[in-house]
Amino acid sequence: MSTLAERATGGDVRAMARLISMAEDRADGVDALMRELYPHTGRAWTIGVTGSPGAGKSTLTDKLIEHFRSEGSTVGVLAVDPSSPYTGGAILADRLRMQRHTDDAGVFMRSLGARGSLGGLSRGTREGVLILDACGYDVVIIETVGVGQSEIDVMRVADTVCVVLVPGLGDDIQAMKAGIMEIGDLFVVNKADRSGADRVVNEVRGVLEFLKGREWVPTVLQTVAENGEGVPELVRLLRLHREHSLKSEAGRERELARLRSKIEDIMLERLSDRVEKLWTVRREELLEAVRERKLDPYAVAEELLSKA
Amino acid sequence: MSDKKIRVVIAKPGLDGHDRGAKVIARALRDAGMEIIYTGLRQTPEQIVTTAIQEDADAVGISVLSGAHQFYFKRVIDLLKEKNASDILVFGGGVIPEDDIPGLLDMGAGAIFGPGTPTSTAIEWLEKAVPART
Ligand SMILES: Nc1nc2c(ncn2[C@@H]2O[C@H](COP(=O)(O)OP(=O)(O)OP(=O)(O)O)[C@@H](O)[C@H]2O)c(=O)[nH]1
Ligand SMILES: [Mg+2]
């Protein structure tokens, strides 16, 4: 094994952190490193925590870390915040609420910018899960803001997805009917210390009725992340889902679907690099020719691809 | 096809005061296209260094208001060395007397931006110093 992969799987935090950056940055040679790590993956339990901005995802994650640590499990966290579409910059502040675990060597936390992933999960997140898995973390928690593609993507990396809702966001339930319902293995109504939590629970139950008869029907529960109320029950339900998917056909299918999208992602990324290269040399000239209507876009694409 | 970004941990150690200055610099760096890991108030040097390592930061910016800057900078720089991470740059700002700046630079701080320094100075410094570091 290369020294970096060896160091990371041997517990060297710097090496782990560096590997995640290399994946994010798409650095040269990172695919070879991922290949070295892959045989070491497949042990971790990956939990996705998704929901609207400010729903309490980080606070809840902080409590989940505490719970898993008290049971002796090691925990890796990947916390994703949006990047500015204009500058690509980001302020990553999820760590703020989990700071007390910084001194715990059994916890690894990493903040990630969504970067240009069109609302989906960034490369750093997708590969970060595998890296932390290979490095031996028992539980890997991914925090993502539930906007657009990212909440669908989270299904493609997480074994168990927990959707966090809060009272007073009436539109949430509407949006859920449109698809979030399909994503959650478990629904949490956080900030249950505020009024209206019961109503949200009932509404979610109403929508979940439609899923009756499935192998796994998600449940709803209330939490107060700030003081940890409901967290033990949340962990119990998360674990129930984990056990279910480890032995059910649905769990197997989900894993296959995940591997399929993994492989397709890799192929698409490479193809897109190739497209980029095909065209760098003559781009100006071809664009000008199309602008003057000497060529058409279809012919140009055809010609470029025929040389690939 | 690499798309590298500069990653900076912004920390405000110590028990004193507010983090207004830290937030101003965080926003300015974000607007310059960098990724800022914001750790908030009251971080110990140990926590700052662990954060910088887990986050694979290129640089750590320390904002100090308390006058305890000698202590914090020394401790962070020493810990980075101890953990084999002295390639992570350390810079600072806040209320630091002009006379103390040379001492901090000797200690290994990459740059100190005193009160009133425009944020663009820090941005330019990071954009040069990060790619140049070993
Ligand atoms: N009243 C109440 N406030 C809570 C609860 N959980 C979290 N909060 C507060 O809600 C705010 C947002 O919490 P975070 O944990 O940062 O929420 P988040 O979903 O991670 O936010 P983003 O990552 O910015 O989308 C903070 O001020 C928390 O203190 C809760 O159970 N009850
Ligand atoms: Mg958060």
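Residues numbered from 1 in each chain as written. Chains lettered and ligands numbered in written order. Predicted model: local features only at pLDDT ≥ 70, side-chain atom pairs only at ≥ 80, totals over all residues. Heavy atoms only, no water.

Participant: Honestly, the sheet that holds strand β4 (residues 107–113) of chain A in this entry has me stumped. Any pointers?
Facilitator: Each strand in a sheet pairs with its neighbour through backbone hydrogen bonds, running either in the same direction (parallel) or in the opposite one (antiparallel). Residues and elements named next belong to chain A. The strand order across the open sheet built from seven strands is β4-β2-β5-β1-β6-β7-β8, with neighbouring strands paired in parallel fashion. The sheet is open, and its two borders are formed by β4 and β8 (219–222), each paired with just one other strand. When the angles between neighbouring strand axes are averaged without regard to direction, this sheet yields 20°. Note that strand β1 (residues 45–51) and strand β6 (residues 160–165) share five bridges and pair parallel. Bridge pairing in β6 links T50 to V163. Contacting β1, β2 (75–81), β4 and β5 (139–145), helix α5 (residues 123–134) crosses the sheet at an angle of about 175° to β2. (Pairing = 2+ DSSP bridges. Helix = DSSP H or I, 4+ residues; strand = E, 2+ residues; numbered from the N terminus. Axes fitted to C-alpha atoms, helices over the stretch in contact; angles between N-to-C directions. Contact = heavy atoms within 4.5 Å.)

Participant: I would appreciate a short explanation of the domain arrangement of chain A in the present structure.
Facilitator: When the parts of a complex come together, some accessible area is lost, and that lost area is often used as the size of the interface. Residues and elements named next belong to chain A. Looking at the assigned domains, one finds that chain A contains domain 1 (43–247) and domain 2 (260–307). The gap between the C-alpha centroids of domain 1 and domain 2 is 38 Å. In this assembly, five residues from domain 1 lie in contact with four residues from domain 2. Both faces considered, domain 1 and domain 2 share a buried interface measuring about 380 Å² in area, 32% of it formed by carbon and sulfur atoms. Among the residues domain 1 hides against domain 2, the three largest losses belong to R123, R126 and R156. Together they make up 77% of the total. The interface formed by domain 1 and domain 2 holds three salt bridges in total. Between the two partners, domain 1 and domain 2, sit three residue pairs in polar contact (both at pLDDT 80 or more). It is α5 that contributes the most residues to the side of domain 1 that touches domain 2, four residues altogether. In terms of residue class, the side of domain 1 that touches domain 2 is made up of one nonpolar, no polar and four charged. (Domains from an automatic or database assignment. Buried area = accessible area lost by both parts, 1.4 Å probe. Salt bridge = Lys/Arg side-chain N within 4 Å of Asp/Glu carboxyl O. Polar contact = N/O pair within 3.5 Å; in protein donor to acceptor, adjacent residues only side chain to side chain. Nonpolar A, V, L, I, M, F, W, Y, C, P; charged D, E, K, R; others polar.)

Participant: Before we go on, may I ask you to explain the packing of α5(A) against helix α10 (residues 249–280) of chain A in this structure?
Facilitator: When two helices pack together, their arrangement is captured by the angle between the axes and the distance separating the axes. All names here are of chain A. Running from amino to carboxyl end, α5 crosses α10 at an angle of 135°, the nearest separation of the two axes being 13 Å. The angle between α5 and α10 falls in the class oblique. Seen from above, α5 lies across α10 with left-handed handedness. Side by side, α5 and α10 meet where R123, R126, E127 and L130 of the first sit next to K262, D265 and E269 of the second. Counted by class, the contact of α5 with α10 contains one nonpolar, no polar and six charged residues. (Parallel < 35°, antiparallel > 145°, perpendicular 65-115°, else oblique. Left-handed = near helix turned anticlockwise from the far one by under 90°.)

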